[in-house]
Amino acid sequence: SVALHQAPTDNFNMATSELSFVVSAPASQQRYNLSAILETSTVESSLQSLFHGCIKRVLIPSSKPQEDLLETMKILFSSSSPDTHRYLDQYFIFVANQVNHLRVVHLLKVVSNLVAMGTLQPRLVCEAVLRYLDLSKEMVWRESLKFIKEIIGGVDYKGCRDLTKQLLQKFDQLPLVVPEHQIPALLQGQELLAYILNRNSALMPAYFAHDEIQRQYPDKNHTPHWVCKEVIGKLKGGMVTTAEMVSGIVLPYLRPVLGVSTTYMPVNAWRLDSSKQCCYTLKGLLPYKESLLKPQDDLIYYIVIQPNSKDVIGSILNLARQTSQPSQFVEEAIARLGVVAMELSEHNLEAQRLFEVWNQMANILIFYSYLNLAPFGSVLERLREKLYQLHYRKGRGYLMWTILQYTTSTSTSATAAKASQQPSNSWVQKEFLPMMSVFDLLYQDKEPLPVPDTSKPSCVYDVSMASLWISYTKKAEAEKVTLPRSTPCLLRKQIEWIEKLNEEIPTASLAMKDYTLPLLLNIYNSNEKLLNVLLESTVGSPTSSPYPTTPLACTTLNVLVMHAKVRLMDKFKNHLIKITELPKQPEPQPLVHALLESYGRLLVWLGTRNLQSQLIPLVFKTQSWHVLHALLELIAYRAAVHLQLQFSLKFQMLQQFQTVAGVNVIPNQLFVSVETAVLRIIKGLNTPEFLIQLAKQCVTDPKLGTDPKLLLSADSEELNKVFVLIVAQTVHISNMDTSSWLDLFMKAVQTATPHAWSESAQQFFPQPFHQHCFFPLPADHRTILINKVDEELRRYKSKNNDAELIQVFNETDSSAFFYCVLWRLLLDTGSIPNICLKIVLLGVPKKQGAQVRKLVDYVVYTNTSNTQLNNVAIKFNELVWKYNFICLDRLVLCMVLRRYDGQDAQVCFAILRHLLLVPQEFSQRVSFFVREVPPNYWEVPSWDQKHAVYLRQYPETFHPSTAGIPNPPKVSTLPMYFGNVCLRFLPVLDLVVQRLLELSDNNSNNNNIQFLEQLLDRYGHLYKFHEHPMTYLYTTMHYYEINLSEKPHLKKKLTFTVIGSQQKGVEWYFTSELCKHLRTPRDGPLWKPTTPYYIKVIEKLVEGLQPFNVCVPTCNWHFGEFSGPLLFVLYTTCVEVLSLPVSAKMASQQLLEALYSKATSLSDKGSDTILTWINAMGLLYTSLPKSFQTQLMEELVSTIRALLPPGGQSTDHTLHIVTGPRGRVGCLLSMLHAFWHHSNINPLLELQGWLHTTVRPLVQNEMQLLFVCHLVGPVLNRLNTERPKALLEVVLELYHMLQAVDTLQGGQMQCSDTICDFLYHIKYMHIGDQIREEVEKVVSSLQLPLKLRLRFLVPQLDRQQPMPAAAVTGGGVAQGMTVPPISDTMEM
């Protein structure tokens, strides 16, 4: 055997002597010389070659040529590092071409020793080996893969990732069908891949490996070679849990309700990735569920069909504000809505419900088509495709009426300007032909369409297709375009009938009897004769007597297309402008009520932009006070309370009215109307969108703090206090962050009217408000006020000249104390002198607020005995009703909002109690008004007549009587159209109720509670006229939940008074069980709701959240409290839960038990149904007070405490917790995710503190830790987007919990792989190295198994702490290991 190796020795020595030349030779010579060295060192003798297959190979000590080759390669690779890659390529090309097994082993052994010595980097070696692998050379393939497995332990984790990619690419190049003899070689490759991907090998994070595999095989069209599938599938299977951990399971089933969910936020959790077909934005390449990766068509549809969805869609799809790029998803949603509307039309539903559906369809189609987000023609083409296989025909008239809405609206100037950029006949291809394709599908009648009955509103829908044809024909004639279709035979009869009607325009008296005029206006909306007839039907003509008393019916307005409404409203506006231009008269003629009522209904439909920008400024400029007063009443009692105005318009309206109120020359009655309108607008601002707009106003308007009159009242402390209260209540309910704007807003308020709040009011304010609620008063302010009044009284008595008195008390600072002087005169003499009445008449209305505040303070400070309070109330009553100095609603508003606590508060409300409950003047008015006047004015044609009867019975005066006053100033009473003291008192009554709730304590016999119940008994029927009863009740019970939680009888009283007074009754809003409870007498048994009841409540909410569910009551939403049924159902459910005679803790527990019970019952039907319940519960808890949410977190703590280690007797297996919402644990987990997703960011900001103080001490085993990871995983992406700092704090808590669990379990964790994958995901997708030092400390202290898996989180730890060889399953060399000595044996 020795002799066999003797022959090549001399050749090798000769080649080695030339090494210096080899290193310095040119590139071509280097390649030749290295090959020569390798060839010489491994040459076989002639005998070896001859007997190659017959030699018995044995291991003998290494010969000198092998050692010399090792030294030669060491010198070569050490001295030519820039060319290492080239030499390695030459080396392994040489190896790849060998057929002698001994030679291959010999060559690979040399490189292995070079790697062990550190001469070569293992990564470069492995890459070179893989580059020249060839399955056809099976022996080299097998030995090379074994060699890679031996040295890959020295490759860093990033290098292992690249090697994995290279190995997979090598496998992808192999054929799927291989000869049988090559299968062992393939399995050798499978073994290497399995070793690399084995988590116990700890060569790289499994997260890294999976990421690379996903990039290599991103979809079903790219699959790995069959030999790799099992290994890759095992790794992917382990990542499924991590994917669910970071995404949750409920996200695809969540549906927002606009105005409640976080959709109103500029950056919200609902945002989709429009670059990836509108799927959810998910970080990383984890194996997320298909429901998360597919386009979210259902979500977009759910949002599009809700009112005012444009901004939300723009935010979710991340569209630029002025974008004009069409969205196929919006097109699909509108087409889908059309199919739903057609389907509902097949079921013969009531007319109002069908109208609401089709009207919503028309509004959405017009709006999104105008914005070019959903081009009209594209929507119709999609709709036709969907209807092709369906046999829906009953709704075709509604559909064509919807299309008519769009086609007539395109004649507006804005749309015409937009269309002018395109060829004049482009509408033929983009509108007309798609419309005709829908016509051909739906109208396949064999007989001409009949002429409809014009006495029914359905006639407009029946001729809508004929109306469309006439409209397009007119448009083609105007643009000299030839339509590509002739008049369909089906339509000729109706077209001839319509043209004949247009020639015989009916008179105004006939126009009100049928729907001929709306039918014609939909087609000929530019015909002035038609518009004049409709105008005359409401305002009359110079020859008509008496004036018409019937406004335009809602059914008439319903069938009018949008453009016809616009033209008609312009007609009404121009008529009002003409009235202002008439010569002024001492007693102007009252406006026609039908005109104002009709104009108000059009404002509800179309908005107040033109009214604010054109009509009000003109009327104010001309000082047409009677017209301005009528418009103020119209806004206060009609338009503003029903119209879903943009908040920017509401702010502009407030600014306009503040300007009017600041003028000295306006009559007192007009000033009262201004303040009433402002108060009602402010009371309607309690929505989260209002806070967003207010924040923009505060941040972007630098004048807000220096010139508060831009938005706030410069004189009325009460109005500004109501503004602050509404902001505080909205912040409390929405839990919104106020850090960026609240200081600016409160500074502006204090600049306008410095004031303070009572302690009882401050205790309910959100924490950020507290520092702004205190305005210090002098310690002796009571004495100062009393002395000042005495001084002014002496001054009054010292003046004998009326002119001096008028000058002193109207033009100096003494005017603020004049009402106090009047009070003293009234108490001392029992009457008020005429000169005082004249001073009041000459006074400036805007100063009255300060005078009343001084008066109320003086009365409260000087009356501490209960025996005097009745007399005080009587005198106040005289000031209101006998002398007409003060309106009752203004006086009560002032008293309620004063900063009284303790004894002062008791005195104030004792006076109020006597004032409101003892005298009969006001209660008689209320009784008569409630009895005679209906609340649904839009449905009662004779509402104005009934209101006029009330005003004749109880006329109202806003100034003292001038009888007996010499040379009295000229005063007059403006006509009243919609308002009166009862309606003006209603928003004040709201504040009185809330203030009494502030002052109530846990004593059921508290005087304030008794007063509240008596007040509700006396004036509760007024709530039938409340514009937002459910919203008010929800706000009150939410904001004052702490004081109401232990008062079941008071909750029942409040709910039944507010909702029971509504025309539809409590049954229209609540379940039968709650209605029965509300009607139970006070002394009856207390109802205890059971789990079946709570299931019924949630089920009602779930059904109501389904779009266009026929189980939900319907109404005319234009004149309703809510913009649609979704908000209605959610608010009514919240109020029902808050009205229950149980505590928040008990109600929350029962709600969760109901959810668990339903989840159990649905366990055999899949999880989709229960996930819709979880969505509803998330919405419900988002809208309920924090006490409900606190109980939810307590339930979560109990769940964490009960979780046992995987080996223990747990009620839920690990996978059950992770994957299914059907068990209690999984159901609760999904419920939390739904709640957080619907909420704004503030609840998530509390997460870190809760984890640190409550959860961290509880987590003692890996099951608990796993649950916490599942809990916080789905919120990481949102925290990273909105609050990155909070994310870092939450992640640190996870590391500390991991450290504690690892210590307690001694490093023995069964689910460590999942937790490690989760932590790697957090690092690489969210936080990077931002908390590297803290993570390094935690990872360094972990037990060995976890430390090995997590060592890649900290590169320093990976380099400084080598991995023990025992930790690597299957051998291998880890980076930094001690490598065994070079083998002294060789194979022969």
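Residues numbered from 1 in each chain as written. Predicted model: local features only at pLDDT ≥ 70, side-chain atom pairs only at ≥ 80, totals over all residues. Heavy atoms only, no water.

Caption draft 1: Up close: the overall build of the protein. A tally of helices and strands in the protein yields 72 helices and four strands. Long-range pairs, those at least 24 residues apart, make up 79% of the contacts in the protein between residues at least 6 apart in sequence. Surface accessibility of the protein: about 55,800 Å² in total, with carbon and sulfur atoms responsible for 52%. (Helix = DSSP H or I, 4+ residues; strand = E, 2+ residues; numbered from the N terminus. Contact = heavy atoms within 4.5 Å. Areas by Shrake-Rupley, 256 points an atom, 1.4 Å probe, with all protein chains shown as cover.)

Caption draft 2: Representation of helix α25 (residues 489-503). Its 15 residues give α25 an end-to-end C-alpha distance of 22 Å, which sits within 8% of 21 Å, the value for a rise of 1.5 Å per residue. Within α25, burial applies to Leu490, Leu491, Gln494, Ile495, Trp497, Ile498, Leu501 and Asn502. Here the buried face of α25 lies against α22 (426-442), α23 (458-462), α24 (464-479), α27 (516-521) and α28 (528-539). (Expected span 1.5 Å × (residues − 1). Buried < 20%, exposed > 50% of the residue type's maximum accessible area, 1.4 Å probe, protein only.)

Caption draft 3: Inspection of the packing of α22 against α24 at higher detail. One way to put it is that α22 packs onto α24 with a least axis distance of 12 Å and a crossing angle of 155 degrees. Judged by the inter-axis angle, α22 sits roughly antiparallel to α24. Helix-helix and strand crossings are classified by hand; for α22 and α24 the assignment is left-handed. Residue-level contacts link Trp427, Glu431, Phe432, Met435, Met436 and Phe439 of α22 to Met465, Leu468, Trp469, Tyr472, Lys475, Ala476 and Glu479 of α24. By residue class, the composition of the contact of α22 with α24 is ten nonpolar, no polar and three charged. (Axes fitted to C-alpha atoms, helices over the stretch in contact; angles between N-to-C directions. Parallel < 35°, antiparallel > 145°, perpendicular 65-115°, else oblique. Left-handed = near helix turned anticlockwise from the far one by under 90°. Nonpolar A, V, L, I, M, F, W, Y, C, P; charged D, E, K, R; others polar.)

Caption draft 4: Examining the pattern of salt bridges more closely. By the definition in use, this model includes 51 salt bridges. Between Arg382 and Glu331 there is a salt bridge, and its shortest N-O distance comes to 3.0 Å. Here the residue Arg382 occupies a position in helix α19 (residues 376-387), and Glu331 occupies one in helix α17 (residues 328-345), the gap between them amounting to 51 residues. A relative accessible area of 7% means that Glu331 is categorised as buried. Among the ionic pairs, Asp790 bridges to Arg824, the shortest N-O distance being 2.7 Å. (Salt bridge = Lys/Arg side-chain N within 4 Å of Asp/Glu carboxyl O.)

Caption draft 5: Representation of the packing of aromatic side chains in the model. Summed over all chains, the structure comprises 59 aromatic pairs. An angle of 65 degrees between the planes, with centres 5.3 Å apart, marks the rings of Phe929 and Tyr950 as edge-to-face. Of this pair, Phe929 sits in helix α49 (residues 921-932) while Tyr950 sits in helix α50 (residues 943-953), placing them 21 residues apart in sequence. Tyr950 matches Phe929 in its accessibility class, with the two residues each being buried. (Phe/Tyr/Trp six-rings, centres within 6.5 Å; stacked < 30°, edge-to-face > 60°.)

Caption draft 6: Structural view of the nonpolar core. Among the nonpolar cores identified, the biggest contains 493 residues, and Met73, Phe92, Phe723 and Phe745 are the most heavily contacted of them. Here this core takes 13 residues from helix α51 (residues 981-999), the largest share from any one element. (Core = buried A, V, L, I, M, F, W, Y, C linked by side-chain atoms within 4.5 Å.)

Caption draft 7: Region of interest: a negative patch on the surface. A cluster of acidic residues, Glu496, Glu499, Glu503 and Glu504, forms a negative patch on the protein surface. Looking at the element boundaries, Glu504 is found in the loop between α25 and α26 (508-511). Assessed through its relative accessible area of 53%, Glu504 is described here as exposed. (Patch = residues over 30% accessible without salt bridge, like charges linked within 9 Å, V, L, I, M, F, W, Y side chains within 5 Å. Lys, Arg positive; Asp, Glu negative; His and termini not counted. Charge placed at Lys NZ, Arg CZ, Asp CG, Glu CD.)

Caption draft 8: Structural view of a nonpolar patch on the surface. Together, Leu176, Val177 and Trp226 give the surface a local cluster of nonpolar side chains, amounting to about 350 Å² of exposed area. Relative to the assigned elements, Val177 resides in the loop between α10 (157-172) and α11 (183-197). Judged by its relative accessible area of 71%, Val177 is exposed.

Caption draft 9: The arrangement of the packing of helix α20 (residues 396-409) against α22 in detail. It is at 11 Å that the axes of α20 and α22 come closest, and there the two elements cross at 175 degrees. Relative to α22, the element α20 is oriented roughly antiparallel. Residues Arg396, Leu399, Met400, Ile403 and Tyr406 of α20 form the contact with α22, whose own contacting residues are Glu431, Met435, Val438, Phe439 and Leu442. Broken down by class, the residue content of the contact of α20 with α22 amounts to eight nonpolar, no polar and two charged.

Caption draft 10: Spotlight on the environment of Leu120. Turning to its location among the elements, Leu120 is positioned in the loop between α7 (101-117) and α8 (122-131). Along the chain, Leu120 and Ser78 lie 42 residues apart, while their C-alpha atoms are 8.4 Å from each other. With residues near it in sequence (within four places) discarded, Leu120 still touches Phe77, Thr84, Leu88, Val111, Leu114, Val115 and Val125.

Caption draft 11: Molecular detail of the side chain of Ser1045. In this structure, Ser1045 sits in the loop between α54 (1041-1044) and α55 (1048-1060). The class of Ser1045 is buried, set by a relative accessible area of 16%. Within the structure, the side chain of Ser1045 is placed 3.2 Å from the backbone oxygen of Ile1042, a separation counted as a polar contact. Setting aside residues up to four positions removed in sequence, Ser1045 forms contacts with Lys1051, Val1142 and Ser1143. (Polar contact = N/O pair within 3.5 Å; in protein donor to acceptor, adjacent residues only side chain to side chain.)

Caption draft 12: Spotlight on the confidence of the model for the protein. Predicted confidence across the protein gives a mean pLDDT of 84, with 87% of residues reaching 70 or more. Predicted confidence for residues 57-62 stays below pLDDT 50, and this span has 19 contacts to residues more than four positions away or in other chains. Scored below 50 in pLDDT, residues 1209-1219 shows 24 contacts in the model against residues more than four places distant or in partner chains. (pLDDT = per-residue confidence, 0-100.)

Caption draft 13: Focus on the environment of Leu1298. Considering the arrangement of structural elements, one finds Leu1298 in helix α68 (residues 1284-1304). The class for Leu1298 is buried, based on a relative accessible area of 1%. Residues within four places of Leu1298 in sequence aside, it is in contact with Leu1265, Met1309, Ile1315, Leu1319, Leu1342, Leu1346 and Leu1350.

Caption draft 14: A look at the environment of Pro1345. Within the secondary structure, Pro1345 sits in helix α71 (residues 1344-1350). Judged by relative accessible area, which is 35%, Pro1345 ranks as partly exposed. Residues Pro1345 and Asp1302 lie 43 residues apart in sequence; the distance between their C-alpha atoms is 9.8 Å.

Caption draft 15: The arrangement of unusual backbone geometry in detail. For Ala202, which is not a glycine, the phi torsion comes out positive at approximately 55 degrees. Along the chain, Ala202 turns up in the loop between α11 and α12 (206-216). Here Ala202 falls in the buried class, since its relative accessible area comes to 5%. Unusually for a residue other than glycine, Lys480 sits at a positive phi of about 55 degrees.

Caption draft 16: Region of interest: α68. For α68, built from 21 residues, the straight-helix expectation of 30 Å at 1.5 Å per residue is met to within 8% by its first-to-last C-alpha distance of 31 Å. Gly1306, located one to two residues past α68, shows a positive phi value of around 60 degrees.

Caption draft 17: Geometry of the side chain of Thr753. Inspection of the secondary structure puts Thr753 in the loop between α39 (742-752) and α40 (759-762). Residue class for Thr753 comes out buried when judged on its relative accessible area of 7%. Here Asn720 takes part through its side chain, which lies 2.8 Å from a polar atom of the side chain of Thr753. The contact partners of Thr753, leaving out residues within four places of it in the chain, are Ser713, Ala714, Asp715, Ser716, Glu717 and Asn720.

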